[in-house]
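For reference, the chains in residue letters:
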Amino acid sequence: WNIWGEALSPYKNTKVLATHSDQFYKGKAAVVSRKYGKGTVTYIGVESSENQLERTVLKYVYNQARIPVEDYPNGIIVDWRDGFWIAMNYYSEPFEVAIPKNAKILIGRKTLKAADVVVWSE
């Protein structure tokens, strides 16, 4: 981390998922997770410059919940909203969206150009 960081003091029964490896906070908790009710609460106490730590923690949390995760490159956003899938390309290179064969494309094409969008329903 080099943007923002906290040294966390975890409560009892809290799992430390990551610790600081250098600088002032070396050895202190950076990411913690705790069971709460029927789920968990995970707190990321840092902002990394490339967001790799945050992505790794999110993948871990979703994996623990048995929720499948897609790994899109930076600049590609895929969202489900009100019964429609929406993919947007905020990157400068084209990107091909994996749209199921039975889906109906309503706007755009599955190959997104830069600053392009595709909307489909399944």
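Before going into details, it helps to say that this report is about the structure given with it. Note that the coordinates shown come from a computational prediction; the quantities given were computed from them, not determined experimentally. (Residues numbered from 1 in each chain as written. Predicted model: local features only at pLDDT ≥ 70, side-chain atom pairs only at ≥ 80, totals over all residues. Heavy atoms only, no water.)

### Things to note about the sheet that holds strand 4 (residues 39-44)
Under the convention used in this document: The criterion for strand pairing is that DSSP finds at least two bridges linking the strands in question. Numbering of helices and strands runs from the N terminus, with a helix taken as a DSSP run of H or I at least four residues long and a strand as a DSSP run of E at least two residues long. Angles shown run from 0 to 180 degrees and are taken between the N-to-C directions of axes, each axis being a line fitted to C-alpha atoms and, for helices, limited to the stretch in contact. By the convention used here, residues are in contact when the closest approach between their heavy atoms is within 4.5 Å.
Ordered by their spatial adjacency, 3 strands build an open sheet running 2-3-4, and the pairing between neighbours is antiparallel. Each having just a single partner strand, strand 2 (15-19) and strand 4 make up the two edges of the open sheet. For this sheet the average axis-to-axis angle between neighbouring strands, irrespective of direction, equals 15°. Where strand 2 lies against strand 3 (residues 29-36), 4 bridges are found, and the strand directions are antiparallel. Within strand 3, the position partnered with Val-16 by the bridge is Val-32. The strands touched by helix 1 (residues 52-64) are strand 2, strand 3 and strand 4; relative to strand 4, the strand with the most contacts, the crossing angle is about 175°.

### Digging into the pattern of salt bridges
Pairing between side chains becomes possible if they bear opposite charge and their charged atoms approach one another. Test applied: By definition, a salt bridge exists where a carboxyl oxygen of Asp or Glu is found within 4 Å of a side-chain nitrogen of Lys or Arg. Only protein chains enter the accessibility calculation, which uses a 1.4 Å probe; a residue whose area is less than 20% of its type maximum is buried, one above 50% is exposed, and one in between is partly exposed.
One pass over the structure, following the stated rule, counts 4 salt bridges. A salt bridge links Asp-79 to Arg-81, with the nearest nitrogen and oxygen atoms 3.3 Å apart. For Asp-79, a relative accessible area of 28% gives the class partly exposed. Between Lys-110 and Glu-96 there is a salt bridge whose closest N-O contact spans 4.0 Å. Taken as a pair, Lys-110 in the loop between strand 9 (104-107) and strand 10 (111-112) and Glu-96 in strand 8 (residues 95-96) lie far apart in primary sequence, 14 residues in all. Classification of Lys-110 by relative accessible area gives partly exposed; the value is 34%. One connected set of salt bridges, linked through shared partners, spans Arg-55, Lys-59 and Asp-71.

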